Amino acid sequence: YHVYARGNSRMRIFGDEEDYLMFLKLFARYLSPDEARNPYGIPYPNFYNKIEMVAYCLMPNHFHMLVYQHHQGALTSFMQSLMTSYSRYFNKKYKRSGSLFESRFRASMISDDSYLQHITRYIHLNPRVWRTYEYSSLPYYLQRAEESWLRPNRIVEMFEGPETYLAFVADYEENKKMMDILKRELANGY
C-alpha cells in the first residue's frame, strides 16, 4: 500500500528536526523486531511481522510510506498507533489541542510491480533536494544506512544494485508520463 496523510488545513506536522526524529522513533517503536515498552514496562503494539515498511518520506506538511500488510487490519492498527502517538507528542510540545492530521490516512493498494517501482521513485522524489534529504528512505536503498524496521530489499532486488536504483530515480524525465499519472492520482491531497 502507498499510505499518505497530511496536516489539518495543510499545516506543518513537522516543525523542527526533533519532530522528524520523533516520527522516526515511532517507526522504530512499532516496527522493530524487538518489542518496545513504555516507562512502566507495558509493551507498545508491535507490528514487525504484520507490517513491512518498504519506503517513506517525511515532508513538512505530509508524509508518504510504502508498506506491505501481512495481516488483515494491521495497517489500520499501525496507522492509528503511529498517528495518535505523534499527535499527542506534537500537541503537547506546541501547546495545542485538536486534530493534527486532516483525516485518518489514505492508502492505495499497489498490485503491479512496475507501479511499485514507480511509487518508490515518487516517494523519494518528493523533496526538491531528494539526493541529500534526511527524512526519506533513499539512503537505505543506496545501502548508506540500515534500520531493522525498514526493509527496502523487495524493491532494491528488482534492480542490479543501489546505483541502478539511483539512476532509475534520477531518470525521471524519461518517465515523466508515469510520474504525472501518479501526481494526478494523488492530487486530491497534495
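Preceding block: the structure.
Quick look at the structure, then. Treat the numbers as computed from the prediction; the structure is a model and nothing was measured.

Criteria and thresholds
- Residues numbered from 1 in each chain as written.
- Predicted model: local features only at pLDDT ≥ 70, side-chain atom pairs only at ≥ 80, totals over all residues.
- Heavy atoms only, no water.
- Pairing = 2+ DSSP bridges.
- Helix = DSSP H or I, 4+ residues; strand = E, 2+ residues; numbered from the N terminus.
- Axes fitted to C-alpha atoms, helices over the stretch in contact; angles between N-to-C directions.
- Contact = heavy atoms within 4.5 Å.
- Buried < 20%, exposed > 50% of the residue type's maximum accessible area, 1.4 Å probe, protein only.
- Expected span 1.5 Å × (residues − 1).
- Phe/Tyr/Trp six-rings, centres within 6.5 Å; stacked < 30°, edge-to-face > 60°.
- Lys NZ or Arg CZ within 6 Å of the ring centre and 35° of its normal.
- Left-handed = near helix turned anticlockwise from the far one by under 90°.
- Nonpolar A, V, L, I, M, F, W, Y, C, P; charged D, E, K, R; others polar.
- Salt bridge = Lys/Arg side-chain N within 4 Å of Asp/Glu carboxyl O.

In this section: the sheet that holds strand β4 (residues 106–108). Taken in spatial order, the four strands line up as β2-β3-β1-β4 in an open sheet, and their pairing is antiparallel. Looking at strand neighbours, the two that pair on one side only are β2 (51–59) and β4, the edges of this open sheet. On average, each strand axis in the sheet is tilted by 20° relative to the strand beside it, whichever way the strands run. Bridge analysis of strand β1 (residues 2–6) against β4 gives three bridges, and the strand direction is antiparallel. Paired with valine 3 across the bridge in β4 is alanine 107. The strands that helix α2 (residues 74–93) touches are β1, β2, β3 (62–69) and β4; relative to β3, the one it contacts most, it runs at about 145°. Running over the sheet, helix α3 (residues 113–124) touches β1, β2 and β3 and is turned about 150° from β3.

A few words now on the environment of serine 148. Within the element layout of this structure, serine 148 appears in the loop between α4 (138–141) and α5 (153–156). Its relative accessible area of 38% is what places serine 148 among the partly exposed residues. Considering only alpha carbons, one finds serine 148 and proline 33, 115 residues apart in sequence, at a separation of 6.9 Å.

Moving on, we get to α3. Compared with the 16 Å implied by 1.5 Å per residue over 12 residues, the 17 Å span of α3 between its first and last C-alpha is a close match. Of all 12 residues making up α3, 10 are buried, and the element is well covered by its neighbours. Burial in α3 covers these residues: Tyr115, Leu116, Gln117, His118, Ile119, Thr120, Arg121, Tyr122, Ile123 and His124.

What follows is about the packing of aromatic side chains. This model, assessed by the stated rule, comprises 22 aromatic pairs. Consider the rings of phenylalanine 14 and tyrosine 20, whose centres lie 4.5 Å apart with planes at 15°: the pair is stacked. Sitting over the face of the ring of tyrosine 48, arginine 151 holds its NZ or CZ atom 4.2 Å from the ring centroid.

The interhelical angle for the contact between helix α1 (residues 17–31) and α2, taken along N-to-C directions, is 150°, at an axis separation of 10 Å. Seen from above, α1 lies across α2 with right-handed handedness. Across the interface between the two elements, Glu18, Asp19, Met22, Phe23, Leu26, Phe27, Arg29, Tyr30 and Leu31 of α1 pack against Phe78, Ser81, Leu82, Ser85, Tyr86, Tyr89, Phe90 and Lys93 of α2. The class makeup of the residues in the contact of α1 with α2 is 11 nonpolar, two polar and four charged.

Scanning the model with the defined rule gives six salt bridges in all. Aspartate 16 is the salt-bridge partner of lysine 93, the closest N and O atoms lying 2.8 Å from each other. Of this pair, lysine 93 sits in helix α2 while aspartate 16 sits in the loop between β1 and α1, and the two are 77 residues apart along the sequence. Its relative accessible area of 26% is what places lysine 93 among the partly exposed residues. On the accessibility criterion, aspartate 16 (31% relative accessible area) is partly exposed. For glutamate 18, the salt bridge goes to lysine 93, with nearest N and O atoms at 2.8 Å.

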